[in-house]
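Below are the chains, spelled out letter by letter.
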Amino acid sequence: MKVILIGHPDSQHIVKASSYLTHKYLGTGFDIIYLNYEGPVEKWSEYLADYFSKLDDKLIIFALDDYLLSEPLDIYKFGQAITQMYPNIACVKLCPNTPEEHEEYPTTTQYTIWDREYLIDLLKHTTGPWNFETTGSTILRKSSKKSLLFPCLNYPTHSCLSKRWEGVRLDGVKEEDINYLKQNNLL
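Residues numbered from 1 in each chain as written. Predicted model: local features only at pLDDT ≥ 70, side-chain atom pairs only at ≥ 80, totals over all residues. Heavy atoms only, no water.

### Notes on the overall build of the protein chain
The test is simple: The helix and strand labels rest on DSSP assignments: H or I over at least four residues marks a helix, E over at least two residues marks a strand, and numbering proceeds from the N terminus. With the radius of gyration taken over C-alpha atoms, the globule rule is written as 2.2 Å times the number of residues to the power 0.38. Partly exposed residues are those whose accessible area sits between 20% and 50% of the maximum for their type, while under 20% is buried and over 50% is exposed, using a 1.4 Å probe and protein chains only. Two residues form a contact once any of their heavy atoms are found within 4.5 Å.
When you go through the protein chain residue by residue, the secondary structure sums to seven helices and six strands. Along the chain direction, N to C, the helices and strands of the protein chain fall in the order β-α-β-α-β-α-β-α-β-α-α-β-α. A compact globule built from 187 residues should have a C-alpha radius of gyration of about 16 Å, and the protein chain, at 16 Å, falls within 12% of that. If you line up the protein chain on its principal axes, its C-alpha atoms span 50 × 40 × 35 Å. Per-residue burial over the protein chain gives 49% buried out of 187 residues. Relative to all contacts within the protein chain whose residues are 6 or more apart in sequence, the contacts with residues 24 or more apart total 76%.

Below, the structure is given as structure tokens:
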């Protein structure tokens, strides 16, 4: 299954760290693809819709590139999550969420299995990442499709990058991984 992680020019300095952690904790069997979107934020969704329309996959995993995985994928629960992708299911969130968070934001930029065709359609009605989450959530809630919450990939669900703090936020990342990333100049 393809895992598409989208970033931007200001996130490229964490891609090596993100890639190390993603490969370590997702395990084998995934085709992990990092994209670097350099255009205006209001064209982000259009860029992704175009990219996803060139794929043949029925299902993909999609997220931003600035979530740093911190524990292995529960492959048993992941298998169960895949089986939940019935025709009326647009997506299955793999990240930890409260039921209230999931209800408010059934559409998210966190690790989520998507019906690729539905995702393309949703992206055509949104602009940037935040609009994708807010407007996309409104659209999904009003549609006949559903979003399921099936946590099987535990990680800090906040971005490791923000204008609200300096540098890379490593809260929740294991000390052994932080040391490895620093010792190998991946951060």
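Read on for the rest.
### Brief notes about the sheet that holds strand 5 (residues 112-115)
What counts is decided by this rule: Any two strands with at least two DSSP bridges between them are considered paired. Here, axes are lines fitted to C-alpha atoms. For helices the fit covers the stretch in contact, and angles between N-to-C directions go from 0 to 180 degrees.
Taken in spatial order, the six strands line up as 2-1-3-5-4-6 in an open sheet, and their pairing is mixed. Two strands in the sheet have a free side with no partner beyond their single neighbour: strand 2 (31-36) and strand 6 (146-149). Direction aside, neighbouring strands of the sheet carry axes that sit 25° apart on average. Where strand 1 (residues 2-7) and strand 3 (residues 59-64) come together, four bridges link them in parallel fashion.

### Some words on the environment of leucine 149
Counting through the fold element by element, leucine 149 comes out in strand 6. What makes leucine 149 partly exposed here is its relative accessible area of 25%. Considered as a pair, leucine 149 and glutamate 42 are 107 residues apart in the sequence and their alpha carbons are 28 Å apart. With residues near it in sequence (within four places) discarded, leucine 149 still touches Lys93, Cys95, Asn97, Thr98 and His102.

Shape descriptors only; they carry no functional weight alone.
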